[in-house]
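Given next are the chains, with one letter for each unit.
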Amino acid sequence: MRTAALVLYALSAVTVSSAFLTPSPPHRSSITKMSAAAAAAAADDDSSEGGRNIVVIGGGIQGTSCAFQLHQSSSLPPGSTITILESRSLASAASGKGGGFMARSWGDGTATQTLHELAFDMYEELCPELGVESYRKLPVMSVSPGPNSSKKQDNAKKNPQVKDIIPNWLNGSVGRMSPMGWGDDTAQVTPKEFVEKMMEYVNQDGKPGVKVVLGSCTGIESEDGEDGIKVVTGVKYQNEEQEEGTLQADDVIVAAGPWACQAEQWFDGAVQLPMEGVKSTSIVWKPPADGSVDATALFCGEDDRFGTHLEVYPRPDGTIYICGIGGSDYITTPELQASAFLDDCLPKPDRVKAASSAFQLMSNSYATKGELSHAQA
């Protein structure tokens, strides 16, 4: 089967070359929640001669980035439509829970070096344009586990060579510390906010530029082309009310994260995607009473006492996001094709406890006054 389709399952948000105008104040984007018949009719109404009907399956940062860049591209034929088909809500899986850390030079010498550089520069350019508040550059440190001690420590005084980037909350027991980045080529952004801002931008002035339809893909429609080879004509889906519908499609982009392997079934075996998912727990700490949280990210060494290798990301809103908790589960292709953990993905209580204990040993501030906001997976 020849299909006008692109499957994204291992890429971060990658840009297509385009120019951007200064945006007017953004409006809230809306998600289309309608009957299957109404969604199909809306797509037909917007299509015109010569345009392309593009359907992106998946509303995380990959899918919305693709839709955004296509919408902004000067190469998009007039009259084209762009629709995101999302099973739950935008950024409802990893894109709504990730740390959002990026490093421009950490891929140097690898096959993906240009992708690291392209994506890093894209965020630096786009975030101010879109009004993303969570983007910032920040220093990064490598921290080894320290001895068992609950005493408050002056780690800046003990490590004068890096005192300028030691955060105020890193005042517990730690071992060796060294810089991994001084904030010139390391940065962070909250992925969920970036997704929301992209959609607000393309849906300004009350005229949606990218539609979002809530529903789960169930298959791809095709027909025989002039040369007898099948071509894509539509995307079949089922909405929350169990209604069946079809979105007219000339081009399909599959950006459904680990569940993209379901495309093997949608395309009747024309593509092979032997994928494996990783289910991991992460935690988020509430902002302290004074709201003061220094912006330094930490990559921590293996701590055999807790089975952790923490990654600690303070955010501009005063929260601290922590992953690298250990105890991850690997989800097989058959499980993912059966939509495992798509609706319910719960954290592991024992890993939440282990990560909290490991972090509080490093931070006397959070050991004595910290309050956990929530755990997720």
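For the structure, check the block above.
This report concerns the structure included in the present document. (Residues numbered from 1 in each chain as written. Predicted model: local features only at pLDDT ≥ 70, side-chain atom pairs only at ≥ 80, totals over all residues. Heavy atoms only, no water.)

**Examining the sheet that holds strand β15 (residues 282-285)**
Here is the rule: Following DSSP output, two strands are said to pair if at least two bridges run between them. Counting from the N terminus, the helices are the DSSP runs of H or I reaching at least four residues and the strands are the DSSP runs of E reaching at least two. In this description, a line fitted to the C-alpha atoms serves as the axis of each element, helices being fitted only across the stretch in contact, and the angle between N-to-C directions of two axes falls anywhere from 0 to 180 degrees. We call two residues in contact when some of their heavy atoms are within 4.5 Å.
With respect to topology, seven strands assemble into an open sheet ordered β7-β6-β16-β17-β18-β15-β20, the strand pairing being mixed. The strands lining the two open edges of the sheet, one partner per strand, are β7 (174-181) and β20 (372-376). Looking at each pair of strands side by side, their axes are set apart by 20° on average, direction ignored. Note that strand β16 (residues 297-300) and strand β17 (residues 311-314) share two bridges and pair antiparallel. Its bridge partner being in β17, F299 is matched across the sheet by E311. Seen against the sheet, helix α8 (residues 349-362) touches β6 (140-145), β7, β15, β16, β17, β18 (320-323) and β20 and runs at an angle of roughly 50° to β15.

**Notes on the packing of helix α2 (residues 61-72) against helix α5 (residues 191-202)**
Geometry of a packed helix pair, given as the angle between the helix axes and the separation of the axes. Stated formally: Small angles under 35 degrees read as roughly parallel and large ones over 145 as roughly antiparallel, with 65 to 115 read as roughly perpendicular and the rest as oblique. Rotating anticlockwise by less than a right angle from the far helix to the near helix defines a left-handed crossing, while the corresponding clockwise rotation defines a right-handed one. Following the grouping adopted for this structure description, the nonpolar residues are Ala, Val, Leu, Ile, Met, Phe, Trp, Tyr, Cys and Pro, the charged ones are Asp, Glu, Lys and Arg, and the polar ones are all others, Gly among them.
Running from amino to carboxyl end, α2 crosses α5 at an angle of 30°, the nearest separation of the two axes being 10 Å. With respect to α5, the element α2 is oriented roughly parallel. In this structure, the crossing between α2 and α5 has a hand that is left-handed. Of α5, the residues touching α2 (which contributes I61, T64, S65, F68, H71 and Q72) are P191, F194, V195, M198, M199, Y201 and V202. Here the residues of the contact of α2 with α5 sort into nine nonpolar, four polar and no charged.

**A word on the pattern of salt bridges**
Defined as follows: Salt bridges are defined by distance alone: a side-chain nitrogen of Lys or Arg within 4 Å of a carboxyl oxygen of Asp or Glu. Throughout, exposure labels follow a simple rule: accessible area from a 1.4 Å probe, protein chains only, divided by the maximum for the residue type, with under 20% read as buried, over 50% as exposed, and the rest as partly exposed.
Considering all chains together, one arrives at ten salt bridges under this definition. The salt bridge partner of D303 is R305, with a shortest N-O separation of 2.9 Å. Take D303: its relative accessible area is 8%, and that puts it in the buried class. In this structure, D329 and K348 form a salt bridge, with 3.0 Å as the shortest nitrogen-oxygen distance. In this pair, D329 is assigned in strand β19 (residues 329-331) and K348 in the loop between α7 (333-337) and α8, connecting sequence segments 19 residues apart.

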